[in-house]
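Coordinates in review
What follows is each chain in one-letter form.
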Amino acid sequence: MAYRPYVVGVQEVSVEVVEKLKEGASGETLAELLGVSRTAVWKFIKKLENLGYVIERKKGIGYKIARSPDLSPYEVATICRDLSLIDEIYYYTVVDSTNRRAKEVAKPKTLFIAEKQTEGRGRYGRSWMSEIGGLYFSITLPPQLPVEEIPKLTLTTGVAVAKALKAKLKWPNDVVYNGKKLCGILCELFGEIENPMVVVGVGINVNNPTPPVGVSLRDIHGKKLNRLKVLRDVLVSFERYYFKLLNGEWDEIRDEWKSMSETLGRNVVVRTARKNYRGKAIDLDSDGGLILDVGGKVVKVFSGDCFYA
């Protein structure tokens, strides 16, 4: 199935035009800004209406946006203008998986975002419920991190998201609130072996329905939240922590992860491909592994599923 995105460059003139329309502008002014004909302006207005904008036509003023959708490629582009990690937006109403589209397009510094995913997934290919109302996005990063640093990137992303959402962390890649899953993170390598790119996938329960093991921001706050504001907070936080990681500040990030952890100090069962470990989670290793006290013996686990015993 072909998924057609709306593609918008963060610095495109059309993004400025949408902002201008919120104040009101004549067709002539818009045509001048866009460098197109009045007919093309009309088509652009229709495109915005198809995206959920409510646009008034007023005599003597022209066009004015009366109401904006809480998420659109233009609104997303606007909040990304001050970020250095994102140059372009690929917006989908429905898509199989934003991570999959990111790997197919393979363009660094691009944000892929969807209203709904039909094949959203987490670690080990598990499905991730991705109904309308949530935030589902992936960011492709240029090849700046060594391959061995990718586990740290997953944990760093967790810290960034948890900070933005005022939540806790569960090893290795869950953002949780009162023990329930609020957000999942999936970092994947792709491209050339010598010079791989990284895609960071994030799924946040905002206003969407969740399974019994999950929780949404709407559940937590008792009201619907503006997804654009949530997205902006998360992206700003992610960029800050990503550059901290690039600048060699992993020890500080690790300390923050530990302070926000719901896992450390608890009795857990960690299931790996080879073995199950039952013990107490006591620390996060310098490379991101979970350190367990298993019957008085210290064991380090690099990857696996963590359950509270």
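Everything in this summary refers to the structure shown in the same document. (Residues numbered from 1 in each chain as written. Predicted model: local features only at pLDDT ≥ 70, side-chain atom pairs only at ≥ 80, totals over all residues. Heavy atoms only, no water.)

Examining the nonpolar core
As a reminder, the rule being used: Residues enter a nonpolar core if they are buried and are Ala, Val, Leu, Ile, Met, Phe, Trp, Tyr or Cys, with the set joined through side-chain atoms within 4.5 Å. Buried means the residue's accessible area, taken with a 1.4 Å probe over protein chains only, is under 20% of the maximum for its type, while exposed means over 50%, and partly exposed covers the values in between. We call two residues in contact whenever any of their non-hydrogen atoms come within 4.5 Å of each other.
If you look at the biggest cluster of nonpolar residues, it comprises 83 residues, and the most contacted ones within it are C80, I89, F137, L153, I204 and L235. Those residues in contact with L235 that lie beyond four places of it in its chain are I79, C80, L83, I86, L111, F137 and I139. Membership of the second largest hydrophobic core comes to ten residues, among which are Y92, F112, A114 and V199.

Re the side chain of T140
Short version of the rule: A helix here means a DSSP run of H or I that spans at least four residues, while a strand means a run of E at least two residues long, and both kinds are numbered starting from the N terminus. N or O atoms within 3.5 Å of each other form a polar contact, as long as, within protein, one can give a hydrogen and the other can take it, and as long as residues adjacent in sequence are counted only when both atoms are side-chain atoms.
Structurally, the position occupied by T140 is in strand 6 (residues 135-141). Classification of T140 as buried rests on a relative accessible area of 0%. A distance of 2.5 Å separates a polar atom in the side chain of T140 from the backbone oxygen of K107. With residues near it in sequence (within four places) discarded, T140 still touches A102, K107, P108, K109, T110, F112, F190, M197, V198 and V199.

Quick word on the pairing of strand 13 (residues 290-294)
Keep this limit in mind: Any two strands between which DSSP finds at least two bridges are classified as paired.
Sheet topology note: the strand 12 (residues 276-284)/strand 13 ladder contains four bridges and is antiparallel. Its bridge partner being in strand 13, L284 is matched across the sheet by L290. Between the antiparallel neighbours strand 12 and strand 13 lie five residues, among them G288 with a positive phi of about 95 degrees. Pairing of strand 13 with strand 14 (residues 297-301) involves five bridges; the strand directions are antiparallel. Bridged to V294 within strand 14 is K297. Connecting strand 13 to the next strand, strand 14, in antiparallel fashion are two residues, including G295 with a positive phi near 60 degrees.

Details of the packing of aromatic side chains
The test is simple: Between 30 and 60 degrees the pair is tilted, below 30 it is stacked and above 60 it is edge-to-face, where a pair is any two Phe, Tyr or Trp rings, Trp via its six-membered ring, whose centres lie within 6.5 Å. The rule for a charge over a ring is simple: NZ of Lys or CZ of Arg within 6 Å of the ring centre, and within 35 degrees of the ring normal.
Tallying each qualifying case throughout the model produces five aromatic pairs. Taking the centre distance of 5.8 Å and the plane angle of 85 degrees together, the rings of F44 and Y74 count as edge-to-face. Placement of the pair is F44 in helix 3 (residues 38-50) and Y74 in helix 4 (residues 73-80), with a sequence separation of 30 residues. Accessibility assignment for this pair places F44 and Y74 in one class, buried. Each residue in the set F238, Y242 and F243 is aromatic and connected to the rest through ring pairs, giving one cluster. Note that K170 overlies the ring of Y308, its terminal NZ or CZ placed 5.0 Å from the centroid. Above the ring of F307, the side-chain terminus of R271 is found at 4.5 Å from the ring centroid.

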